Amino acid sequence: MASATVTRRINAALHVDATNGNGVAGGDAAAATGSHTAKRNISDGGKDDDVWVAVDEADVSGASGGDGGGRPPLFRTYKVKGSILHPYRFMILLRLIAIVAFFGWRMRHKNHDGAWLWTMSMTGDVWFGFSWVLNQLPKLNPIKRVPDLAALADWHGSSGELPGIDVFVTTVDPVDEPILYTVNSILSILAADYPVDKYACYLSDDGGTLVHYEAMVEVAKFAELWVPFCRKHCVEPRAPENYFAMKTQAYKGGVPGELMSDHRRVRREYEEFKVRIDSLFSTIRQRSDAYNAKHAGENATWMADGTHWPGTWFEPVENHRRGQHAGIVQVILDHPNCKPRLGLPASVDNPFDFSGIEVRLPMLVYISREKRPGYNHQKKAGAMNVMLRVSALLSNAPFVINFDCDHYTNNSQAFRAPMCFMLDLHHGGDDTAFVQFPQRFDDVDPTDRYANHNRVFFDGTMLSLNGLQGPSYLGTGTMFRRVALYGVEPPRWGAASRQIKDMNKANKFGTSTPFIGTMLDGANQERSITPPAVIDESVSCELAALTACAYEDGTSWGRDVGWVYNIATEDVVTGFRMHRQGWRSVYASMEPAAFRGTAPINLTERLYQILRWSGGSLEMFFSHSNALLAGCRLHPLQRVAYLNMSTYPIVTVFIFAYNLFPVMWLVSEQFYIQRPFGTYLLYLVGVIAMIHVIGMFEVKWAGITLLDWCRNEQFYMIGATGVYPTAVLYMALKLVTGKGIYFRLTSKQTTACSGDKFADLYTVRWVPLLIPTILILVVNVAAVGVAVGKAAACGVISEPGRLAALGMVFNVWILVLLYPFALGIMGQWGKRPAVLFVAMVMAVAAVALMYVVFRAPYQADQWLGVAASLGKTASLTGSSG
Ligand SMILES: O=c1ccn([C@@H]2O[C@H](COP(=O)(O)OP(=O)(O)O[C@H]3O[C@H](CO)[C@@H](O)[C@H](O)[C@H]3O)[C@@H](O)[C@H]2O)c(=O)[nH]1
Ligand SMILES: [Mn+2]
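Residues numbered from 1 in each chain as written. Chains lettered and ligands numbered in written order. Predicted model: local features only at pLDDT ≥ 70, side-chain atom pairs only at ≥ 80, totals over all residues.

A. Spatial organisation of the UniProt feature "binding site: Mn(2+)" (unreviewed entry) in the protein. Here, the residues flagged by UniProt with the feature "binding site: Mn(2+)" (unreviewed entry) are K380 and D404. With the annotated positions falling across 25 residues, the maximum pairwise C-alpha distance of 9.4 Å places them together in a single cluster. Inspection of the secondary structure puts K380 in helix 11 (residues 379-394). Here K380 is in contact with T170 and E570, once residues within four sequence places are set aside. Along the chain, D404 falls in strand 10 (residues 399-404). The buried category is assigned to D404, around which 23 C-beta atoms lie within 10 Å. (UniProt positions renumbered as here; feature names shortened; annotations may be inferred. Helix = DSSP H or I, 4+ residues; strand = E, 2+ residues; numbered from the N terminus. Contact = placed C-beta atoms within 7 Å. Buried ≥ 20, exposed ≤ 12 C-beta atoms within 10 Å, placed from the backbone.)

So, in structure tokens, the structure goes:
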């Protein structure tokens, strides 16, 4: 969910201190002073050393409830250095004063002509101010937490057992979501550095296609080679596609001499594996054709063992088509027993020397839930809930984590790291429900385009624009407690059992006694995974019941239990429910990034994605998950963060209006938004400048470059002009008509038959969603044209000329912000920015010429200044989002 200013992820941010259950964000300026700064600099990424200081360890252990066990803390907490933090906060205060003074001044100088305009702009400005406060408050005290993996290893080595984890991956369509992604995701999970008998991997296939199932069978085979190879040579990252795409790197394994030959062989095997994966479609089709020929009249899809595939068939028929097929649970790799099994030395038929290398693999399960017409399957949320139940029966780990099919673990320690927080808090705060890692998305685009935004916006650094703060949403890359998902309130563990018993009475969890029987166990962090010895008839029956559509009828699934339904951003709302119940979260970061994923680089695709997110956010505001309605267990700042993230699209309606404003002075007589205009401009420039100064501070600790930040601004403007106002419109319609938003799957497919990785960047799909932004583009180009015409007609040094030039600055600014969008809609031509430049200049010149020729009859000089007010939008948005 990464998340976003632009995306909800940027908005949603607050670091709740997991150590003592108190929010650390905000207010405690005193704590940031010298006494708390430590002597030691952070170890991860030396570049941050001049920004971050460790919070004194004494304070950390003091805070953890004084368990005094002498165990060193398993993570470190860092604060922004006082010399950056204090001026930052001072600037925020200053801006607060400035906007209050600004509003006061505006109230005292009401416009009497054009009162409607004045009122409208005043409303907009008040909302700008308010949403800025919502956005700024949770960022007052940025901190970051870094897991201490060495300390964890010490603890683990000496006394402790790592707790179990169930890893969930979701996929739907082998075409829209290329299997190669899914396969890599699963391989990276299977190869993670975590005790194999302590975690299990589940794939949910909502398409129910045999292709996915057989891909998993192939994965299980290839993993026998890939996983020991990763362990032997300590390779990173452990998703083969990404590993082989990398340039050489420092060797960390124990046998450097064998890397070359092993690498070459594994690579060859991987290429062959990929060919097999790619040809699954045709293999299965040929096999099915052969079987069907033998069975007259059948048109089935056949499994390798000569039986019908229970899921969807190539030729859809009753009970074997999309949205209508049986549930399937197949254990592809059994849970390993707890004795280590070491590999064999190289031999004639095995060129790999895996002697001394652990070769067991973790459990791997394929799930496709039952689908029936007439049921709302609730998309990903529905799939997650089925996985939650099935995994309860098969492995029932106390912790769970979720990935989309296009995400992978980028750091093999990624599953260990969250334990630094979960375990450390065991004495002081069992109420930590989830640990979230920032997620990085693959750098997909080397060019200067919105595509790079994917990187800026989606990844950890996206969060870090104000990031380094906790999530107020939960999604990919978040590890959480199973019981928290069951809607159990934070511990006092004794009470948990009572809660579960009580809750059962109302048929909250459904009728499966075996499932309900696992619930208490699922809370026990010391328990090891004990899968059923054999999946006999009774277990399979139970599994079938748990994957059935009807299971949730009349239960609390989707409301108080499991992932929340009926909302486009199920992850955000589910996290909200936990926070509301009093669970705490930790936002942590590690180097290299724990997880990576992909994001659409196609403009249209991308805009639809952020439409879904922003629509989901608004839906949240108008649902029972409104932050204002939550009880007092929700942390106050967390509440502010949720409010911010469920209202952020609203401000863009005003942005949109401001951006369209130049239309007025193309057609109309004199208007001022505010008089005296000079003072107004002065205030504006001040307020805008301040928000950028504040932004600069955030850039400093977020670890992003100025360029990233500029792109952030640009992409925000693209969203703010078209997508977010559309989301607001949808929401308004929904409130009136009661009909929700239909959201499509984000396509991960590339049109790249050409082999051009960036082909998608240059394809435009013409959709209505593009219209508002195009309109603004046109209006502002025209505005610049008129301004130039005016300056030419009246002379630059004249009063109207000066005002024209001033107004133009704001128009040009908007154009600069929309530049990536303009390139995007040019399609193939977008490869040549020069074309765009020439077209712009020509358009401006044409309008200017027209202006000079048909000189407007009205007094243009005062009018022009109005355009100047436009710019405020741009400023207020970008950084405040
Ligand atoms: O009926 C469905 C629809 C989707 N999915 C899966 O859900 C995931 C996310 O769907 P996608 O269309 O890729 O949405 P994105 O916008 O890319 O996903 C982001 O936003 C979603 C909504 O907030 C979150 O659920 C995701 O975790 C987050 O990565 C994918 O793995 C899909 O396979 C299903 O399993 N079943
Ligand atoms: Mn996705």
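B. Representation of the environment of K221 within the structure. Mapped onto the elements, K221 comes out in helix 7 (residues 210-233). Remark: the alpha-carbon pair of K221 and V767, spanning 546 residues in sequence, is separated by 44 Å.

C. Geometry of the sheet that holds strand 2 (residues 75-80). What the three strands build is an open sheet, ordered 1-2-3; its pairing is antiparallel. Since the sheet does not close on itself, it has two edges, and those belong to strand 1 (52-54) and strand 3 (143-147), each with one partner. Pairwise comparison of adjacent strand axes, ignoring direction, gives a mean angle of 35° for this sheet. Here strand 1 pairs with strand 2 via three bridges, running antiparallel. Bridged to W52 within strand 2 is V80. (Pairing = 2+ DSSP bridges. Axes fitted to C-alpha atoms, helices over the stretch in contact; angles between N-to-C directions.)

D. Seen up close, the UniProt feature "binding site: UDP-alpha-D-glucose" (unreviewed entry) in the protein. Cross-referencing UniProt, the feature "binding site: UDP-alpha-D-glucose" (unreviewed entry) maps to E177, D206 and K379 in the present numbering. Relative to the elements of secondary structure, D206 occurs in the loop between strand 5 (199-205) and helix 7. Note on D206: 24 C-beta atoms within 10 Å, which makes it buried. In this view, D206 contacts V172 and A383; residues no more than four positions away in its chain are not counted. Considering the arrangement of structural elements, one finds K379 in helix 11.

E. Fine view of the packing of helix 4 (residues 115-136) against helix 22 (residues 651-660). Helix 22 packs onto helix 4 with a crossing angle of 135° between their chain directions and a minimal axis gap of 9 Å. Our classification of the angle between helix 4 and helix 22 gives oblique. You can see that helix 4 and helix 22 cross each other, and the crossing is left-handed. Here G124, W127, F128 and S131 of helix 4 come into contact with helix 22, specifically with V651, F654, A657 and Y658. Split into classes, the residues belonging to the contact of helix 4 with helix 22 amount to six nonpolar, two polar and no charged. (Parallel < 35°, antiparallel > 145°, perpendicular 65-115°, else oblique. Left-handed = near helix turned anticlockwise from the far one by under 90°. Nonpolar A, V, L, I, M, F, W, Y, C, P; charged D, E, K, R; others polar.)

F. Just helix 9 (residues 256-278), in detail. Compared with an ideal rise of 1.5 Å per residue, which puts 23 residues at 33 Å, helix 9 spans 32 Å between its outermost C-alpha atoms and is within 8% of the ideal. Here helix 9 has its buried residues at D262, V266, F273 and I277. At its buried positions, helix 9 is contacted by helix 6 (179-190), helix 7 and helix 10 (280-294). (Expected span 1.5 Å × (residues − 1).)

G. Molecular detail of the pairing of strand 4 (residues 165-171). Among the seven residues in strand 4, seven count as buried, and that is most of the element. Alternating residues of strand 4 divide into I165, V167, V169 and T171 and D166, F168 and T170, and every residue in both groups is buried. When strand 4 meets strand 5, the two strands line up parallel, connected through seven bridges. The residue bridging V169 from the neighbouring strand is L203, located in strand 5. This β-α-β element, strand 4 to helix 6 to strand 5, shows right-handed connectivity. (Right-handed = clockwise from strand over helix to strand, strands pointing away.)

H. Molecular detail of the environment of L225. Structurally, the position occupied by L225 is in helix 7. Assessed through the 19 C-beta atoms surrounding it within 10 Å, L225 is described here as partly exposed. When the C-alpha positions of L225 and V359 are compared, they lie 8.7 Å apart, and in sequence the two are 134 residues distant. Beyond its immediate stretch of four places on either side in the chain, L225 contacts V266 and E269.

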